[in-house]
Amino acid sequence: MLSKKEIQKLIEGRITEDKFRDFKLVSHFLSQSKQSNKAMNIFFNALKNSTPFPYAFGYTLVNGLKIEITKNVLHPGPETLAIIDQTIKEIKKRKFKIILDLCTGSGSVAICIAKNSNTSVVAVDISDAALKVARKNAKNNQVNIKFIKSNMFSSLGAKKFNLIVSNPPYVMTGEIKRLPEFIKNFSPRIAIDGGKDGLYFHKIILESAMKYLNPSGILIIECEDGQDKKIEKIIAKNKWKILKKIKNRFDNVRGFVLESASI
Ligand SMILES: C[S@@+](CC[C@H](N)C(=O)[O-])C[C@H]1O[C@@H](n2cnc3c(N)ncnc32)[C@H](O)[C@@H]1O
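Residues numbered from 1 in each chain as written. Predicted model: local features only at pLDDT ≥ 70, side-chain atom pairs only at ≥ 80, totals over all residues. Heavy atoms only, no water.

Draft legend 1. Quick look at the overall build of the protein chain. Within the protein chain, the secondary structure is distributed over eleven helices and nine strands. With the C-alpha coordinates of the protein chain rotated into their principal frame, the extents come out at 60 × 40 × 30 Å. Evaluated residue by residue, the protein chain yields a buried proportion of 52% over its 263 residues. Of all intrachain contacts in the protein chain linking residues separated by at least 6 positions in sequence, the fraction that spans at least 24 positions is 64%. Here the protein chain has roughly 13,200 Å² of accessible surface; of this, 53% comes from carbon and sulfur atoms. In the protein chain, which carries 45 positive and 24 negative side-chain charges, the distance between the mean positions of the two groups comes to 5 Å. (Helix = DSSP H or I, 4+ residues; strand = E, 2+ residues; numbered from the N terminus. Buried < 20%, exposed > 50% of the residue type's maximum accessible area, 1.4 Å probe, protein only. Contact = heavy atoms within 4.5 Å. Areas by Shrake-Rupley, 256 points an atom, 1.4 Å probe, with all protein chains shown as cover. Lys, Arg positive; Asp, Glu negative; His and termini not counted. Charge placed at Lys NZ, Arg CZ, Asp CG, Glu CD.)

Listed below in structure tokens is the structure:
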């Protein structure tokens, strides 16, 4: 049996987004499987091939919830965890009831919201394969979410929400080939390609989200390192007010909390 120290040592040299989170996931996977031969093979193959653990194990842990991950969805990174925390805080503080998760992917954001608040959650994605994973994750975590296949807002009709949260694709098309192997080789293109300037989806969201929000509603949107200044221009142009910038541990802006500037 591998001890915690041995696991730590084995994953030490890996290039990863968050070593502590990797350690927690590996420990969970190995203890759940009682370190069976099959599980140990999966673990050692992942180490050998530099496969991100969520893709090797077929799941990740988000706020203590087990979220299935397949090749058709992105596994939520540390910045998405910060977006989830902030969203749940805002929902509780403002006693919000109707929430939209736009670009839901694995459903992790929507599921954490539904699990941690008394709200109705709608979740949208354009990918059938992602929606299939998200539906399964919602069922496994015993939450009721309305999933809609939609190209951004197009199938939402006249629905209005208290809060819209989105982690849209945001990598510049030309930068995809330069991403580290452990991201590039495992991320579905549809989940990361944000067009020429990486901001194709941010522009759509910032131009349209106000129509889908109640007057006191808020928008929470994730972004890439270094996109914040350009996004602030789009925010101002579309008459949003910045309530908060969500930063990562390196003090880089990775998301915004916004409300209409006319409130
Ligand atoms: C960055 S991933 C979202 C990850 C997800 N929030 C999570 O943390 O698990 C972006 C998602 O946007 C979806 N997407 C791409 N284009 C879209 C569009 N035009 N309309 C709706 N969803 C879209 C992709 O299928 C992908 O699941």
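From this point on, the discussion continues.
Draft legend 2. The pairing of strand 5 (residues 145-149), seen in detail. In this structure, strand 4 (residues 120-125) lies alongside strand 5, joined through five bridges in parallel fashion. Bridged to Val 122 within strand 5 is Lys 146. (Pairing = 2+ DSSP bridges.)

Draft legend 3. Here's a closer look at the pairing of strand 8 (residues 240-247). Looking at chain direction, strand 8 and strand 9 (residues 253-260) are connected through seven bridges and run antiparallel. Residue Lys 241 lies in a different strand from strand 9, and its bridge partner there is Glu 259. Remark: five residues form the turn of the hairpin made by strand 8 and strand 9, two consecutive strands paired antiparallel; Asp 251 in that turn has positive phi of roughly 70°.

Draft legend 4. Quick look at the environment of Phe 186. As for its position among the elements, Phe 186 is in the loop between helix 8 (181-184) and helix 9 (189-192). Given a relative accessible area of 23%, Phe 186 falls into the partly exposed group. Ignoring anything within four residues of it in the chain, the contact list for Phe 186 reads Ser 50, Thr 51, Pro 52, Tyr 55 and Glu 181.

Draft legend 5. Looking closely at the environment of Met 172. Relative to the assigned elements, Met 172 resides in the loop between strand 6 (161-166) and helix 8. In this structure, the C-alpha to C-alpha distance between Met 172 and Cys 112, residues 60 residues apart in sequence, is 28 Å. In contact with Met 172, other than residues within four places in its own chain, are Gly 195, Lys 196, Asp 197 and Gly 198.

Draft legend 6. Geometry of the site of the ligand. Near the ligand lie 20 residues; those nearest to it are Ser 106, Ser 108, Asp 125, Asn 151 and Met 152. At 3.3 Å from a nitrogen atom of the ligand is found a main-chain nitrogen or oxygen belonging to Cys 103. At 3.3 Å, a backbone N or O of Ile 126 approaches a nitrogen atom of the ligand. Within the complex, 96% of the 600 Å² of free accessible area of the ligand lies under protein. Tallied by class, the residues present in the shell around the ligand amount to ten nonpolar, nine polar and one charged. (Near = heavy atom within 4 Å. Polar contact = N/O pair within 3.5 Å; in protein donor to acceptor, adjacent residues only side chain to side chain. Nonpolar A, V, L, I, M, F, W, Y, C, P; charged D, E, K, R; others polar.)

Draft legend 7. Fine view of unusual backbone geometry. Of note in this structure, Asn 63 is not a glycine but carries a positive phi near 50°. Turning to its location among the elements, Asn 63 is positioned in the loop between strand 1 (59-62) and strand 2 (65-68). Its relative accessible area of 38% is what places Asn 63 among the partly exposed residues. The phi angle at Gln 142 is positive, at roughly 55°, despite the residue not being glycine. On the secondary structure map, Gln 142 appears in the loop between helix 7 (128-140) and strand 5.

Draft legend 8. Spatial organisation of the pattern of salt bridges. The final tally for this structure, using the stated rule, is 16 salt bridges. The closest approach of N and O atoms between Lys 203 and Asp 197, which form a salt bridge, is 2.6 Å. According to the relative accessible area criterion, Lys 203 is partly exposed, its value standing at 31%. Given the relative accessible area of 27%, Asp 197 is considered partly exposed. Asp 251 is paired through a salt bridge with Lys 247; the nearest N and O atoms lie 3.9 Å apart. In this structure, a network of salt bridges that share partners links the residues Glu 79, Glu 224, Asp 225 and Arg 254. (Salt bridge = Lys/Arg side-chain N within 4 Å of Asp/Glu carboxyl O.)

Draft legend 9. Spatial organisation of the packing of helix 5 (residues 78-94) against helix 6 (residues 108-116). Axis separation between helix 5 and helix 6 bottoms out at 10 Å; the angle between their running directions is 35°. Crossing angle aside, the handedness with which helix 5 passes helix 6 is right-handed. Only Ser 108, Val 109, Cys 112, Ile 113 and Asn 116 of helix 6 make contact with helix 5, whose side of the interface consists of Thr 80, Ile 84, Thr 87, Ile 88, Ile 91 and Lys 92. Taken together, the residues that form the contact of helix 5 with helix 6 break down as six nonpolar, four polar and one charged. (Axes fitted to C-alpha atoms, helices over the stretch in contact; angles between N-to-C directions. Left-handed = near helix turned anticlockwise from the far one by under 90°.)

No statement about biological role is implied by the geometric values presented.
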